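Residues per chain, in single letters:
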Amino acid sequence: MNSITSSNLGNLCLLSDAKSRSISPENMKGEKGRGGMAGLDTGTARNAARELGKGWKVNPYIAIKPHEVFEIANIEGSGAITHIWMTPTGKWRNTIIRFYWDGQAAPSVECPVGDFFCSGWQCYSQISSLAVCVNPGSAFNCYWNMPFNKNCRITLENRDEENVTYYYQIDYILAAAPESADNSAPLNFAYFHAQFRRNNPLPYKSLHTILDGVKGKGQYVGTYMAWGVNNNGWWGEGEIKFYLDGDEYPTICGTGTEDYFCGSYDFEDPYTRDRYISFTTPYTGFHEVKRDELYKSQKRFGMYRWHITDPIRFDRDLKVTIQALGWREGKRYLPLQDDIASVAFWYQTLPAAPFPVLADRDYLEVI
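Residues numbered from 1 in each chain as written. Predicted model: local features only at pLDDT ≥ 70, side-chain atom pairs only at ≥ 80, totals over all residues. Heavy atoms only, no water.

**Here's the deal with the environment of Lys-331**
(1) Moving on: With respect to the helices and strands, Lys-331 occurs in the loop between β23 (325-328) and β24 (332-335).
(2) Moving on: Relative accessible area serves as the criterion here: at 79%, Lys-331 is assigned to the exposed category. (Helix = DSSP H or I, 4+ residues; strand = E, 2+ residues; numbered from the N terminus. Buried < 20%, exposed > 50% of the residue type's maximum accessible area, 1.4 Å probe, protein only.)

Next up, the structure:
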């Protein structure tokens, strides 16, 4: 194993020439043998470590100033991100994470930090999936394999009026790009992408677009949704649709929102039929955000679906939409005007088409 590959239980026994590296505030360039070297004159935790000295957790976090874009990774060469751990302060929608591959000017990932880690409502809910884990108290983890051939840059933009503190660790390998059987030419591999969108509220009789404008060859691998309901009653009758390679009508058309997220019958308790049942599994999950009787009164939900074993392949272009439907009198569908945010996750060839302009802080705000 001399090239970029994904590790799993079946190949952990194989030897490799890949080099393991890690970036954190204690080793911001990921250099070999250069971690934990911050001095007491520069470390963010220098006061706590003042009696212990260099090497004793002197610089474990960063502070990002208001409206500052902070580069947390700049990796030269070929390799792959294998794991990211992060725990933030502040409002999670006010910090935007961006990934840039191989010197591209436009980001391939642009998303509020919370939504990227399936936590769009500024509220902790445990997630135990293969691709994303959210653990107590607000520990964000992702395990998407993210290969690159020349360079990887990751930035955090603080849109808030106050400093935010971030602890983080980016684990990666340095390794040659995959080669063909005769070592004559690199094989094609696709680059990781993620895009955030929000409608608040969704206009009457309109669709929520999860993804559109994709140009290139690749595969769609996941959806996260933060769904806020503005009506009483069931809200998930709408279908998700995948338009592949010039489709006028979708090639893949689901039967309902909870069906796409691998649930059924309104995610309700099958015995009492008076409450939602949250669940988190390797490939799919659903949770209800806790409410009170006064200020946190709106019904809000989070849902994820990973197409790890069933990626949706496209050759030229891709569009993904979802309907928001409830029920009205006369056993008729009710087009809903809900607060719907989504993150689409996919891999594709470069260069990618430019993303839509990300809305400003006020429009993204979660109250």
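**Describing the pattern of salt bridges**
(1) Moving on: A complete count under the given rule lists 14 salt bridges for this structure.
(2) Moving on: Across the pair Asp-339 and Arg-198 runs a salt bridge, and its minimum N-O distance is 2.7 Å. Taken together, the positions of Asp-339 in strand β25 (residues 339-348) and Arg-198 in strand β13 (residues 191-199) put the pair 141 residues apart, joining distant regions of the chain. Each member of the pair Asp-339 and Arg-198 is classed as buried.
(3) Moving on: When the shortest N-O distance is used, the salt bridge between Arg-305 and Asp-310 registers 2.6 Å.
(4) Moving on: Via salt bridges that share partners, Arg-98, Glu-110, Glu-157 and Arg-159 belong to a single interconnected network. (Salt bridge = Lys/Arg side-chain N within 4 Å of Asp/Glu carboxyl O.)

**Some remarks on the nonpolar core**
(1) Moving on: Counting residues in hydrophobic clusters, the biggest one holds 59 residues, and the most contacted among them are Ile-81, Phe-116, Trp-144, Met-146, Phe-192 and Phe-345.
(2) Moving on: Considering every element that reaches this core, the biggest residue donor is strand β12 (residues 164-174), with 5 residues.
(3) Moving on: In terms of nonpolar packing, the next biggest core, distinct from the first, is built from 32 residues, Ile-210, Tyr-220, Met-303 and Ile-322 among them. (Core = buried A, V, L, I, M, F, W, Y, C linked by side-chain atoms within 4.5 Å.)

**Notes on the sheet that holds strand β22 (residues 317-322)**
(1) Moving on: Taken in spatial order, the 4 strands of this open sheet run β14-β22-β16-β17, and their pairing is antiparallel. Single-partner strands in this sheet number two, and they are β14 (208-215) and β17 (252-253).
(2) Moving on: With 5 bridges joining them, β14 and β22 adopt antiparallel strand pairing. Its bridge partner being in β22, His-208 is matched across the sheet by Ile-322. (Pairing = 2+ DSSP bridges.)

**Re the packing of aromatic side chains**
(1) Moving on: Under the criterion given, the structure shown has 32 aromatic pairs.
(2) Moving on: Between Trp-101 and Phe-148, the ring centres sit 6.2 Å apart and the planes meet at 10 degrees, which makes this aromatic pair stacked. Pair noted here: Trp-101 is in strand β5 (residues 95-101) and Phe-148 is in strand β10 (residues 146-148), with a separation of 47 residues, a long-range link. With respect to class, Trp-101 is no different from Phe-148; both count as buried.
(3) Moving on: Consider the rings of Trp-144 and Phe-345, whose centres lie 5.5 Å apart with planes at 20 degrees: the pair is stacked. You can see Trp-144 sitting in the loop between β9 (139-142) and β10 and its partner Phe-345 sitting in strand β25, a full 201 residues away along the chain.
(4) Moving on: Under the relative-accessibility criterion, Phe-345 is labelled buried at 0%.
(5) Moving on: Above the face of the Tyr-100 ring, Arg-153 is positioned so that its terminal group lies 4.8 Å from the ring centre. (Phe/Tyr/Trp six-rings, centres within 6.5 Å; stacked < 30°, edge-to-face > 60°. Lys NZ or Arg CZ within 6 Å of the ring centre and 35° of its normal.)

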